[in-house]
Each structure stands twice: as C-alpha cells, then as structure tokens.
Amino acid sequence: MQPASDRTTRSTASGFVATAYVRLLFEYLAQQGLDPERVLGEPLPEPVDGVDRFPLLRWQQLLEQAQTHLRVPALGLQVGSIVRPAHLGVLGYVTTHCANLGEAMQRLERFERLIYEVNPAEITLECDQLVLAWSQERGRPGQLVDETAIAVLVTFARQLVEGEITLREVTFINPEPADTRPYADFFGCPVRFAQATTRVALPAQCLTMPLRAPDPSLRALLDQQAETLLARLPQEDAFEQSLRRAMMQAVTDGEPTLAQIALALHRSPRTLQRQLAERQASFQEYLDDTRRRMAENYLRDERLTLTEIAHLLGYAEQSALNRAFKRWTGETPRRFRKSLLDL
C-alpha cells in the first residue's frame with residue numbers, strides 16, 4: 001500500500017473553478033524551471049465564449065499530473081502560496097480594496113462562485129472566532145484541490161492585511177497524510193484531518209484588521225462588475241435535483257441506466273445526455289456522486305450494518321460497496337464511520 005502522502009483522494013464533487021485560478025499551477029511549474037504545457041499535456045486555459053469556468057474534475061487531474069511529475073509533499077500548499085489578485089479575477093481586486101478583513105470576507109461569501117464553484121463557504125462567528133467552513137454537501141473535491149484552495153485563501157488574506165493573521169485551527173475532510181509537518185509549518189496552527197468539514201478558524205478580532213490598499217470608490221466599481229459577472233453564471237435549476245431524486249429512487253433496485261432515469265424524468269435518453277453534456281458531467285459521475293452521498297448519510301446511522309447499506313445502494317454484496325466507497329473517497333466505509341464516531 002502506498003503511504004498516505006503518495007495517495008490522492010479522488011474528487012467525488014462536480015463544479016468549476018475559474019480559468020484565472022488554474023493559471024496558478026502553470027505559473028508555479030514555470031517557477032520550478034519546468035515547461036507547464038509539457039508536464040500537464042495542454043496549454044494554458046482561456047475563457048470560452050466569455051465564460052470563465054474550468055471543470056473541477058479537470059482541475060484535479062492537472063494537479064495530479066503535476067504531483068506525479070514533481071513527487072513533492074503538500075503540493076497544493078506550494079501552488080497556493082504564489083497567489084496574486086490576478087489569479088482570483090475581479091474577486092481578488094474587489095477584496096484588495098476593501099477597508100478591513102471583515103468587509104473582504106463579505107465579498108468572498110457573495111462572489112465565491114466567480115472563482116470557486118464547488119461547496120459554498122459558510123462564514124460564521126463562533127464565540128470569539130471567525131470560522132470559514134466548506135461542507136461535503138456537493139461532494140469531496142479531493143486532497144490536492146482542497147489544500148490548494150485553503151492555501152490560496154490563507155496566503156491571500158495574509159497579503160491583504162496590515163499586520164499578522166494568526167490562525168486558530170485548520171481542518172480537512174481528507175485522510176491524514178504521512179507527513180503533517182508541512183501543513184503545521186504553513187498554517188502556523190493545529191491542523192487536523194479526516195474531519196466532518198474543511199474549515200479555517202481565526203480570532204474574531206481579525207475582522208477589524210485594516211487592509212493595505214483600501215479604496216471605497218474603486219471597490220464600489222468592482223462590486224458592480226462582480227455583480228454583473230455573477231449574474232452571467234448559470235443559475236442552479238431543478239434539473240440536478242430531479243436527476244438525483246430519480247437516481248436515489250432507482251438505485252435500491254440495482255444499477256440504474258440512462259434510459260431508465262430518462263424515462264423517470266419524462267424525457268428522451270438523447271435529451272438527458274445533452275443536458276448532462278451541457279454540465280460537462282457524465283451520467284456515471286452523477287450516479288457515483290449520488291450513491292456516495294447516500295452512503296455517507298447511511299453510515300451516520302449506527303443502526304444500519306454495512307451489509308444493509310450495501311443493499312440499500314443496490315449492491316448485491318458488501319464487498320462491492322467497499323470497493324466503490326474506496327474509489328469515491330479514498331477510504332473504506334468502516335473507516336469513514338469510525339472517523340465520524342471519533343469526532
């Protein structure tokens with residue numbers, strides 16, 4: 001078995017990142033004296049027809065290709081450490097010109113979809129600390145995607161403020177790597193893995209920390225631009241909800257087919273295939289993600305045995321569930337359940 005630091009937690013989430021964000025990896029590789037196009041097998045991405053969206057699964061694959069080539073621990077931390085406002089598009093510039101960190105966090109919560117459209121950030125005050133958390137509601141983006149995103153957030157916040165940000169804690173939903181020292185060194189606080197959410201906690205008083213380049217007039221203009229770009233993004237519709245409901249109802253009877261689900265949704269298989277293609281996702285990806293979500297919910301109920309959960313998900317044997325769950329999450333159902341009980 002490979003050590004945890006050499007394994008990648010495969011993405012079970014669907015979503016998008018901005019093409020400007022993807023440039024981080026290309027620039028990082030160039031800084032290492034490498035040819036990014038040769039390492040990654042494709043040129044620097046550009047927006048297509050004015051749409052600045054890059055599929056999350058492809059982003060994970062690029063990070064994996066870089067990891068395979070470089071073989072360095074905590075690659076995402078290194079990639080995220082070179083972030084600049086340009087990598088975050090209008091979100092980077094609008095936050096740069098806010099008055100304080102609290103104002104910048106409001107923009108992050110409002111405009112996050114412009115740069116990172118996966119699980120949305122939930123920003124809350126808990127006693128004396130500010131907490132930014134990302135659940136698993138839409139799936140698990142994977143170790144490399146997560147650590148890059150959190151490194152980007154923390155690095156950029158440190159660049160923004162006058163003064164020093166001291167973090168209280170960072171947690172990841174992914175399994176613990178073989179070497180956790182790079183994470184503790186990078187964040188300067190306790191870092192825990194295999195947790196229920198990915199989150200960053202910092203003292204609440206950080207909200208009032210002034211930023212280095214406040215400019216109310218420019219920030220107002222950038223706010224308008226960000227709102228315009230946000231309005232152009234595809235809005236969530238009922239299609240995905242209906243698709244998942246149909247799949248959830250069908251899996252208990254075995255392996256659903258595209259034709260079967262199309263019939264349940266009152267459309268032709270060709271139409272369903274086209275709608276999936278428009279979302280840059282396959283039928284199997286949605287089916288796997290739906291099963292994974294159901295499995296994780298069932299595993300939270302200690303009254304259900306693993307064999308019963310396997311049958312509820314349409315598997316004839318528990319071993320089939322074990323293989324599928326390991327493929328989705330990088331760990332076994334038993335270990336996932338144990339991590340929940342240990343919280």
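Everything below is about the structure shown above.
In this text, all values refer to a predicted model and were calculated from it rather than measured experimentally.

**Q** Summarise the packing of aromatic side chains; cite the residues concerned and give the values.
**A** All chains considered together, the criterion is met by nine aromatic pairs. Relative to Phe187, the ring of Phe172 has its centre 6.3 Å away and its plane inclined at 50°; by these criteria the two rings are tilted. Of the two residues, Phe172 is situated in the loop between strand 6 (169-171) and helix 8 (181-187) and Phe187 in helix 8; the sequence distance between them amounts to 15 residues. In this structure Phe187 comes out as buried when scored by relative accessible area, which is 1%. When the ring of Phe186 is compared with that of Phe187, the centres are 5.0 Å apart and the planes differ by 80°; the resulting orientation is edge-to-face. Both residues of the pair, Phe186 and Phe187, belong to the buried class. One aromatic cluster is present, built from ring pairs that chain together Phe172, Tyr183, Phe186, Phe187 and Phe193. We note Arg53 situated over the ring of Phe16; from NZ or CZ to the ring centre the distance is 3.8 Å. Of note, Arg291 hangs over the ring of Tyr315, and the distance from its end group to the ring centre comes to 4.6 Å.

**Q** Kindly report on the sheet that holds strand 1 (residues 16-17), identifying the contributing residues and their values.
**A** The strand order 2-1-3 describes an open sheet built from three strands, whose pairing is antiparallel. The outermost strands of the open sheet, each flanked by one partner alone, are strand 2 (54-55) and strand 3 (116-117). As paired strands, strand 1 and strand 2 are joined by two bridges and run antiparallel to one another. The residue bridging Val17 from the neighbouring strand is Phe54, located in strand 2.

**Q** Outline the sheet that holds strand 7 (residues 191-192), listing residues and values.
**A** Taken in spatial order, the five strands make up an open sheet running 4-5-8-6-7, and their pairing is mixed. The open sheet has two edge strands, strand 4 (122-126) and strand 7, and neither has a second partner. Judged from the three bridges that link them, strand 6 and strand 8 (residues 198-203) form a sheet pairing that is antiparallel. Across the sheet, residue Thr171 finds its bridge partner in strand 8, namely Arg199. Packing against the sheet, helix 7 (residues 143-160) makes contact with strand 5 (129-134), strand 6 and strand 8, and its axis sits at approximately 20° to strand 8.

**Q** Tell me about the packing of helix 5 (residues 89-96) against helix 6 (residues 101-111), residues and numbers included.
**A** Their axes nearest at 9 Å, the elements helix 5 and helix 6 cross at an angle of 160°. Relative to helix 6, helix 5 is oriented roughly antiparallel. Once helix 5 is placed against helix 6, the crossing between them reads as right-handed. Residues Leu91, Val94 and Thr95 of helix 5 form the contact with helix 6, whose own contacting residues are Ala104, Arg107, Leu108 and Phe111. In the contact of helix 5 with helix 6, the residues fall into five nonpolar, one polar and one charged.

**Q** Break down the pairing of strand 4 for me, with residues and values.
**A** In this structure, strand 4 lies alongside strand 5, joined through five bridges in antiparallel fashion. From the neighbouring strand, Leu125 faces strand 5, where its bridge partner is Leu130. With antiparallel pairing between neighbouring strands as the criterion, strand 4 and strand 5 make up a hairpin whose turn holds two residues, including Cys127 at a positive phi of roughly 55°.

**Q** Explain the pairing of strand 8 to me, and be specific about the residues and the numbers.
**A** Looking along a regular strand, one sees side chains alternate from face to face of the sheet. Of all six residues making up strand 8, six are buried, and the element is well covered by its neighbours. Pairing of strand 5 with strand 8, which is carried by six bridges, proceeds in the antiparallel orientation. Along strand 8, the bridge assignment pairs Val131 with Ala201.

**Q** For the nonpolar core, give the residues involved together with the corresponding values.
**A** The biggest cluster of nonpolar side chains holds 73 residues, and the ones touching the most others in it are Tyr21, Trp59 and Phe187. When residues in this core are grouped by element, the largest group, 11 residues, is from helix 7. Leave out the neighbours within four places in its chain, and Tyr21 touches Trp59, His87, Leu88, Ile115, Thr148, Ala149 and Val152. Ranked by size, the runner-up nonpolar core spans 31 residues in total, among them Leu258, Ala262, Tyr286 and Ala295.

**Q** An account of the packing of helix 5 against helix 9 (residues 216-232) is requested, with residue identities and associated values reported.
**A** The contact between helix 5 and helix 9 brings their axes to 9 Å, and the two run at 155°. Taken as axis vectors, helix 5 and helix 9 run roughly antiparallel relative to one another. As for how helix 5 packs across helix 9, the hand of that crossing is left-handed. Note on element contacts: helix 9 touches helix 5 through Arg219, Leu222, Asp223, Gln225, Ala226 and Leu229, opposite Val90, Tyr93 and Val94. Taken together, the residues that form the contact of helix 5 with helix 9 break down as six nonpolar, one polar and two charged.

**Q** Which residues make up the state of the cysteines, and what values go with them?
**A** For the structure shown, the criterion picks out zero disulfides. A disulfide-free cysteine, Cys98 has its sulfur positioned 16 Å from the sulfur of Cys206, the nearest such atom. Residue classification places Cys98 among the buried positions, given a relative accessible area of 0%. Free cysteine Cys206: the closest other cysteine sulfur is in Cys189, separated by 12 Å.

Reading the values: the criteria
- Residues numbered from 1 in each chain as written.
- Predicted model: local features only at pLDDT ≥ 70, side-chain atom pairs only at ≥ 80, totals over all residues.
- Heavy atoms only, no water.
- Phe/Tyr/Trp six-rings, centres within 6.5 Å; stacked < 30°, edge-to-face > 60°.
- Helix = DSSP H or I, 4+ residues; strand = E, 2+ residues; numbered from the N terminus.
- Buried < 20%, exposed > 50% of the residue type's maximum accessible area, 1.4 Å probe, protein only.
- Lys NZ or Arg CZ within 6 Å of the ring centre and 35° of its normal.
- Pairing = 2+ DSSP bridges.
- Contact = heavy atoms within 4.5 Å.
- Axes fitted to C-alpha atoms, helices over the stretch in contact; angles between N-to-C directions.
- Parallel < 35°, antiparallel > 145°, perpendicular 65-115°, else oblique.
- Left-handed = near helix turned anticlockwise from the far one by under 90°.
- Nonpolar A, V, L, I, M, F, W, Y, C, P; charged D, E, K, R; others polar.
- Core = buried A, V, L, I, M, F, W, Y, C linked by side-chain atoms within 4.5 Å.
- Disulfide = S-S within 2.5 Å.

All we've got here are geometric facts, nothing functional implied.
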